[in-house]
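Observations on the three-dimensional arrangement
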Amino acid sequence: MQPLAERLRPKTLDEYIGQKHLVGQGAVLRKMIDAGRISSFILWGPPGVGKTTLAQIIANKLETPFYTLSAVTSGVKDVRDVIDRAKSNRFFSQASPILFIDEIHRFSKSQQDSLLGAVEQGTVTLIGATTENPSFEVIRPLLSRCQLYVLKSLEKDDLLELLRRAITTDVQLKERRIELKETTAMLRYSGGDARKLLNILDLVVQSEAGDPVVITDEMVTERLQQNPLAYDKDGEMHYDIISAFIKSIRGSDPDGAIYWLARMVEGGEDPAFIARRLVISASEDIGLANPNALLLANACFDTIMKVGWPEGRIPLAETTIYLATSPKSNSAYMAINDALELVRQTGNLPVPLHLRNAPTKLMKQLGYGGNYKYAHDYPGNFVRQQFLPDDLKDRRIWHPQDNPAEQKHKERMDSLWGKRNDTPNPITHNS
């Protein structure tokens, strides 16, 4: 017998749950499907929200050959073989065969390059599925040939509808007397993942010998007790552990940080995901207190791309400890956030005339660029002049923090500009 999630896989768009912004009546993707013509696209969203199902429904609706490849197990030769088969199965009046590639973010550059010609010439219509940001993982030429559609985690009402459908329509479950007395635990553990939710339901029901099966939060929690080493890289624990990892680095605890790194390594986490978070942490939490942290984090990311597992654990560990033991500053992070908020509050303030570009004679006559002082013409390559709009000319945005690196910057700024009021500006942040 097939797993419950497979037995309940929708066959039509009317049976499909969620993603109304894409496939609801009148939505963009629904219109294309109903018209019988689709262009290549990539579906980006978390696990278990219906990416594979949607691709299969589209192929059934268009009555076109449907080929699938897994980026985990397929190479360039497999891609070329499928494209050759698609060419031979292409009929004059028929829509292009659909090539569905699951986890397309795991395809190497050469594998993605091998798709370009077939996609551009219409030999196949590519549907890619990814849980990672395509702008990081999909090569630009391929991304430019595809539409990008973002799928969302299923909402509470969607998940409840799925549960009700399961216990009333599934060939096995409808024979049991099942009462959904409490659903909070099931929804929490599923993390918006339909497949995981159905697996939980199946596990709970199968663990009960007799009827009725009254499902409560306590029962679900008891059935799902896991080994402490268990790590679900697509679920709630994934986000909890990466949160603990980043907060340990921010809190300057190398022992905590390296422990949470080990949890992710042992659980099979994508090394590129960890490396990206280290790059973010280096700029957000260490920042100007130790600019070398960002250089090391970027070097770590590049190294991971070259060596992968298991050796990749070593540069990850090196970078983790370096970041955790570095002095911390979020002054750059705060400065850009404050500057963005200031722009939102004050709008498009005019650029001072002396800072404007003056490519034409008329603009020069109007004073564009006039009285601008070229810093390199002055001693020390510096001269005092106004660089903010008139309404903000005395505003301070960057506030150096108390660490040796930034204090050195502060001393230089003081020597150039004189002591300026360093009191934080009264910017009202939206909550």
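Positions within a chain are numbered from 1, following the residues in the order the chain's sequence is written. Under the rules for a predicted model, residues below a pLDDT of 70 receive no local features and side-chain atom pairs below 80 are neither given nor counted, while totals for whole chains, interfaces and linings still include all residues. Hydrogen atoms and water are omitted, and side-chain values are computed over all heavy atoms in the structure.

When its secondary structure is counted, the protein shows 20 helices and 7 strands. Across the 431 residues of the protein, 42% fall into the buried class. Where accessible areas are quoted, they stem from the Shrake-Rupley method and a 1.4 Å probe; at the residue level, only the protein chains shown are allowed to cover. Total accessible area on the protein is roughly 23800 Å²; 52% of this is exposed by carbon and sulfur atoms. Helix numbering and strand numbering both begin at the N terminus, where a helix is a DSSP run of H or I of at least 4 residues and a strand a DSSP run of E of at least 2. Each residue is assigned to one of three classes by its accessible area relative to the maximum for its type, calculated with a 1.4 Å probe on protein chains only: buried under 20%, partly exposed between the two thresholds, exposed over 50%.

Quick look at the confidence of the model for the protein now. Within the protein, residue pLDDT values average 82, and 89% of them lie at 70 or more. pLDDT measures how confident the predictor is about each residue, on a scale from 0 to 100. In what follows, residue pairs with any heavy atoms lying within 4.5 Å of each other are defined as contacts. In the model, residues 226-231 has pLDDT below 50 throughout and makes 11 contacts with residues more than four positions away in sequence or in other chains. In the model, residues 426-431 has pLDDT below 50 throughout and makes 11 contacts with residues more than four positions away in sequence or in other chains.

Further remarks concern the environment of Lys 77. On the secondary structure map, Lys 77 appears in helix α5 (residues 76-88). When the C-alpha atoms of Lys 77 and Gln 111 are compared, they prove to be 8.8 Å apart, with 34 residues separating the residues in sequence.

Now for the packing of helix α3 (residues 28-35) against helix α4 (residues 51-62). Where α3 meets α4, the axes come as close as 9 Å, and the angle between the chain directions of the two elements is 30 degrees. The angle between α3 and α4 falls in the class roughly parallel. Note on element contacts: α4 touches α3 through Leu 54, Ile 58, Lys 61 and Leu 62, opposite Leu 29, Ile 33 and Asp 34. When residues are sorted by character, Ala, Val, Leu, Ile, Met, Phe, Trp, Tyr, Cys and Pro go into the nonpolar class, Asp, Glu, Lys and Arg into the charged class, and all the rest, Gly among them, into the polar class. Among the residues making up the contact of α3 with α4, the classes are represented as 5 nonpolar, no polar and 2 charged. Lines fitted to C-alpha atoms define the axes here, with helix axes fitted over just the stretch in contact, and angles between the N-to-C directions of these axes take values from 0 to 180 degrees. Here roughly perpendicular refers to angles of 65 to 115 degrees, roughly parallel to angles under 35, roughly antiparallel to angles over 145, and oblique to all remaining angles.

What follows is about the sheet that holds strand β2 (residues 66-70). Strand order in the open sheet made by the 5 strands is β2-β3-β4-β1-β5, with parallel pairing throughout. On the outer flanks of this sheet lie β2 and β5 (147-150), each paired with one strand and no other. Ignoring strand direction, the axes of neighbouring strands in this sheet form an average angle of 20 degrees. Between any two strands, pairing holds if DSSP finds at least two bridges. Inspection of the sheet shows strand β3 (residues 98-102) paired to strand β4 (residues 125-130) by 4 bridges, in the parallel sense. Among the inter-strand pairings, Phe 100 is bridged to a residue of β4, identified as Ile 127. Against the sheet, α4 makes contact with β1 (41-44), β2, β3 and β4, and its axis sits at roughly 175 degrees relative to β3, the strand it touches most.

Moving on: the nonpolar core. We call a set of buried Ala, Val, Leu, Ile, Met, Phe, Trp, Tyr and Cys residues a nonpolar core when their side-chain atoms join them within 4.5 Å. The biggest cluster of nonpolar side chains holds 28 residues, and the ones touching the most others in it are Met 186, Leu 201, Ile 215 and Val 220. Within the residue set of this core, elements represented by two or more residues are α1 (4-7), α9 (156-169), α10 (184-190), α11 (194-206), β7 (213-215) and α12 (217-223). Residue contributions to this core peak at 7 residues, all from α11. Ignoring sequence-local partners within four residues, the contact set of Met 186 consists of Leu 163, Leu 180, Leu 197, Ile 200, Leu 201, Ile 215 and Val 220.

Within the element layout of this structure, Asp 285 appears in helix α15 (residues 271-286). Among residues more than four places away in sequence, those in contact with Asp 285 are Ile 246, Arg 250, Ile 280, Lys 328, Ser 329 and Asn 330.

Further remarks concern the packing of aromatic side chains. Pairing of aromatic rings covers Phe, Tyr and Trp, the last counted by its six-membered ring, and requires centre-to-centre distances within 6.5 Å; plane angles under 30 degrees mean stacked, over 60 mean edge-to-face, and any other angle means tilted. In this structure the tally under the stated criterion is 4 aromatic pairs. A centroid spacing of 6.2 Å and a plane angle of 20 degrees characterise the contact between Phe 66 and Phe 100, whose relative ring orientation is stacked. A residue pair is termed long-range when its members are at least 10 positions apart, and Phe 66 in strand β2 and Phe 100 in strand β3 qualify at 34 residues. Since its relative accessible area comes to 27%, Phe 66 is described here as partly exposed. Note on Phe 382 and Trp 417: the rings are 5.1 Å apart at their centroids and 80 degrees apart in plane angle, and the pair reads as edge-to-face. Residue Phe 382 is located in the loop between α19 (361-365) and α20 (404-417), and its partner Trp 417 is located in helix α20; the two are separated by 35 residues in the primary sequence.

In terms of residue burial, β3 counts as a mostly covered element, since 4 of its 5 residues are buried. Two elements, β2 and β3, share 5 bridges in a ladder whose sense is parallel. In the sheet register, Thr 68 faces β3, and the bridge partner there is Phe 100. Call a crossover right-handed when, viewed with both strands pointing away from you, the route from the first strand across the helix to the second goes clockwise. You can see the chain leave β3, run along helix α6 (residues 109-121) and come back into β4, and the turn it takes is right-handed.

Over its 14 residues, α9 extends 20 Å from the first C-alpha to the last, a length consistent with the 20 Å expected when each residue adds 1.5 Å. Among the residues of α9, those classed as buried are Asp 158, Leu 159, Leu 160, Leu 162, Leu 163, Ala 166 and Ile 167. On the buried face of α9, the contacting elements are β6 (178-180), α10 and α11. A helix is expected to span 1.5 Å for every residue after the first.

Bringing unusual backbone geometry into the picture now. Trans peptide bonds make up most of the peptide bonds, and negative phi angles are found at most residues other than glycine. With omega at -5 degrees, the peptide bond leading from Asp 211 into Pro 212 counts as cis. Of note, Pro 212 is situated in the loop between α11 and β7. We note that Gln 19 has phi near 55 degrees; this positive angle belongs to a residue other than glycine. Its place among the elements puts Gln 19 in the loop between α1 and α2 (20-23). Classification of Gln 19 by relative accessible area gives buried; the value is 6%. For Glu 103, which is not a glycine, the phi torsion comes out positive at approximately 55 degrees. By the element assignment, Glu 103 lies in the loop between β3 and α6. Glu 103 gets classed as partly exposed once you look at its relative accessible area, which sits at 26%.

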